Structures are given as structure tokens and as C-alpha cells.
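Coordinate analysis (summary)
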Amino acid sequence: MIAPAQTSTAVTAMLEARSVALVGASARPGSLGARMIAEVARSPSHPRTYLVNPRYRDIDGVPCLPDLAAVPEPVDLALLAVPDRALEQQLSAAARSQARSAVIFGNAFDPPGRTGLRSRLAAIAGQAGLALCGAGCMGFVNVARGLRAIGYVEPDPLPGGPVALVTHSGSVFSALLRTRRGFGFSLAVSSGQELVTTAADYAQYALGQAETKVLALVLEAIRDAPGLRAVLADALAADVPVALLSVGASQAGQALVSAHSGALAAADGAWEALAGAYGLHRVRDLAELADTLELFGAGRR
């Protein structure tokens, strides 16, 4: 793990990136690399973007660079839409190029005959001071700052509003962005396996956004207990309600979580203790979560 002060700076650089390298950019319709190009291009903040793929000289007339070393500046964010077998090489290249953060969309499965890929990726990012979203995530949309860093087609424009969402589950991320309910988002993050940057880091950033009035957490595990307790204490002090959907409390849920991300799901008693200590609003399913967010998002009358 990188130091908290570094984490805060790197997370801000990631979530408010003004320069983005799209590694694995593709001209193939429907591919992850093509969707990534389209989604970043929809960012209202219009970050400087660099397409990176040695297979192309250009994509739709936009120059395509052979590697991250050819990018003319250290970027705030590198999006890695590459196969798992290339992740270690490309994250190392991002670190050498002095990128400040990265998103790993792939699941980071170990290649044949080797183990420990996720640990090596975490070590690379930690040593370089990179914030790292993922692995196994869908990326993020910072609605308040106008940045779409995703490789999957989501509603555009995404409605702005008071809710900051952090979820381990990509399917929950996509479902909530498509609810068409009476609330909008300041920030929405699909954090995946949280190899380096955790839900607590994203939530702490969100609390610093004036637009954030409600936190929504959909968590499979507690990966950074001290950090999570600290940010929940801050939310309580700031009178920002927190809605929590904990996944994996049941035996069946724990098995699902382990298969999905390799996380160790917290026992239900741990979630209940956390909710009691910090006044969290626990919900049982996505429908109840949407209802709760709509209620708090409407403001207090």
C-alpha cells in the first residue's frame, strides 16, 4: 500500500484526470478498446487523450502511439484494456512513464505456470505511488468533474446529483446507473478487487466534493478497515447519510464473493457492528437501495 497522503493525491489525480492514455485502443467495433475510446470521448471535461496500440498507426484519423513511452507527457490516468497476460508489462510501463494512476479492467488471472499476478500488480503500483482502480472493474464516472473513464457503454449523459456510489460489483454499478430513479450522481466507481485503492479512498474523495450529499456503498468485503472506519466517522460528522448494501453475509453470498473477486466476505456481525457504530442505513437488496437513495437524494423537508 502507498502512504495515505500519496493515496489522496493520486486518487484525486485519477478521478479528475486531465490527461488519459488509452492502452489497448482498438478500431474493432464492439471491442473493449473501441468502447473505451467512445466513452472517454464523451467526457464533458475533454481530457487530453492518447491512443496506445502498436497495431495501429491511427484510429479514425487519430494518431495511435506504439507504447506508453511514446506518450509526450506523464499522464494523470492510464486505462489498461489489455489481456491479463499483458497487465504486468503494461502497468510497469505506466509506472516508468510516470503515470499517476491506472484502471485495470481485466480480472488479472494468473497466466499458466505462474502465481501471484495480483500481488505483483499491487507491488508495482505501490512502489510507483499509483492509484489503481481494479482489477476486475468497470472504471468510474466523475459526473461532477465531467470525466468518463469506463470501457463499457453506460447512459450518456449520466444524471448529476448528490449520490456518490462505490461498488465492488460491476453489474451493480451498471444497474444503478440505469435506474432512472429520482436521484443523480456526483461520482460512481466500480472498484473491483481493490488491489491498491480501496472503497475508503474513493469515499473520502467523494466527501470532499461539494456535490456529494449521500454515500452509497455496495461492498463484498472490508479490505481497509481503519480507512473505512475513518471515512464513515467523517460522513457521520458531516451529516452525510450512508446507505450500505453488504454482499456475502450469507454462506451462499460468501461463496459468490470468493468466486467473483477472491475477497474474504465480512461476517454479517461485522457489518452490523459497523452500521451501529456509524449510523449506516443497511439495505437488503438493490430495490431497497434505490428507494433509500431516492429518499435521501430528495433532501430533507
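Scope of this entry: the structure provided in the associated data block. (Residues numbered from 1 in each chain as written. Predicted model: local features only at pLDDT ≥ 70, side-chain atom pairs only at ≥ 80, totals over all residues. Heavy atoms only, no water.)

1. Thoughts on unusual backbone geometry
Excluding glycine, most residues fall at negative phi; most peptide bonds, likewise, are trans. The omega torsion of the bond from glycine 134 to alanine 135 falls at 5°, within 30 degrees of zero and hence cis. Tracing the backbone shows alanine 135 in the loop between strand 7 (131-133) and strand 8 (139-142). A cis amide bond links aspartate 156 to the next residue, proline 157, at an omega of 0°. Positive phi, normally seen in glycine, also occurs at histidine 46, with a value near 50°. For histidine 46, the location among the structural elements is in the loop between helix 2 (32-41) and strand 2 (48-52). Its relative accessible area of 61% is what places histidine 46 among the exposed residues. (Helix = DSSP H or I, 4+ residues; strand = E, 2+ residues; numbered from the N terminus. Buried < 20%, exposed > 50% of the residue type's maximum accessible area, 1.4 Å probe, protein only.)

2. Some remarks on the state of the cysteines
Within this structure, the stated rule accounts for 0 disulfides. Just so you know, cysteine 133 is unpaired, no disulfide at all, and the nearest cysteine sulfur is the one on cysteine 137, 3.7 Å from it. According to the relative accessible area criterion, cysteine 137 is buried, its value standing at 2%. (Disulfide = S-S within 2.5 Å.)

3. Some thoughts on the pattern of salt bridges
Tallied over the full model, the rule gives 17 salt bridges. Between glutamate 39 and arginine 42 there is a salt bridge; the shortest N-O distance is 2.3 Å. Judged by its relative accessible area of 0%, glutamate 39 falls in the buried class. Its relative accessible area of 36% is what places arginine 42 among the partly exposed residues. One salt bridge connects glutamate 73 with arginine 48, and the closest N-O pair in it is separated by 2.8 Å. (Salt bridge = Lys/Arg side-chain N within 4 Å of Asp/Glu carboxyl O.)

4. A few points about the packing of aromatic side chains
By the definition in use, this model includes 2 aromatic pairs. On the numbers, 6.0 Å between centres and 80° between planes, the contact of phenylalanine 105 with tyrosine 152 is edge-to-face. You can see phenylalanine 105 sitting in the loop between strand 6 (101-104) and helix 4 (117-128) and its partner tyrosine 152 sitting in the loop between strand 9 (147-150) and strand 10 (160-167), a full 47 residues away along the chain. Given a relative accessible area of 4%, phenylalanine 105 falls into the buried group. Judged by relative accessible area, which is 23%, tyrosine 152 ranks as partly exposed. (Phe/Tyr/Trp six-rings, centres within 6.5 Å; stacked < 30°, edge-to-face > 60°.)

5. As for the sheet that holds strand 5 (residues 77-80)
Spatial ordering of the open sheet is given by 3-4-2-1-5-6-7, a layout of 7 strands whose pairing is mixed. This sheet does not close on itself; its edge strands, each paired only once, are strand 3 (58-59) and strand 7. Both strand 2 and strand 4 (residues 62-65) contribute to a ladder of 2 bridges, which runs parallel. If you follow leucine 51 over to strand 4, its bridge partner there is cysteine 64. Its contacts with the sheet place helix 2 against strand 1 (19-23), strand 2, strand 3 and strand 5, and it is angled at close to 165° to strand 1. Along the sheet, helix 3 (residues 84-96) contacts strand 1, strand 5, strand 6 and strand 7; its crossing angle with strand 5, the most-contacted strand, is approximately 170°. (Pairing = 2+ DSSP bridges. Contact = heavy atoms within 4.5 Å. Axes fitted to C-alpha atoms, helices over the stretch in contact; angles between N-to-C directions.)

6. Details of the packing of helix 3 against helix 4
Contact pair helix 3 / helix 4: the axes reach a minimum separation of 9 Å and the direction vectors enclose 10°. The orientation of helix 3 with respect to helix 4, classified from their angle, is roughly parallel. Residue-level contacts link Asp84, Leu87, Glu88, Leu91, Ser92 and Ala95 of helix 3 to Leu117, Arg120, Leu121, Ile124, Ala125 and Ala128 of helix 4. Taken together, the residues of the contact of helix 3 with helix 4 sort by class into 8 nonpolar, 1 polar and 3 charged. (Parallel < 35°, antiparallel > 145°, perpendicular 65-115°, else oblique. Nonpolar A, V, L, I, M, F, W, Y, C, P; charged D, E, K, R; others polar.)

7. A look at helix 4
Helix length check: helix 4 (12 residues) gives 17 Å between terminal C-alpha atoms against 16 Å at 1.5 Å per residue, within 8%. Among all positions of helix 4, only Leu117, Arg120, Leu121, Ile124, Ala125 and Gly126 are buried. Looking at the buried side of helix 4, the elements it contacts are helix 3, strand 6 and strand 7. Positive backbone phi, approximately 75°, marks glycine 129, located one or two places after helix 4. (Expected span 1.5 Å × (residues − 1).)

8. Remarks on the side chain of asparagine 142
Its location among the elements puts asparagine 142 in strand 8. What makes asparagine 142 buried here is its relative accessible area of 0%. Only 3.0 Å separates the side chain of asparagine 142 from the side chain of tyrosine 205, close enough to count as a polar contact. Among the polar contacts made by the side chain of asparagine 142, one reaches the side chain of glutamine 209 at a distance of 3.1 Å. With sequence-adjacent residues up to four places away left out, asparagine 142 is seen in contact with Leu15, Glu16, Leu147, Ser186, Leu187, Tyr205 and Gln209. (Polar contact = N/O pair within 3.5 Å; in protein donor to acceptor, adjacent residues only side chain to side chain.)

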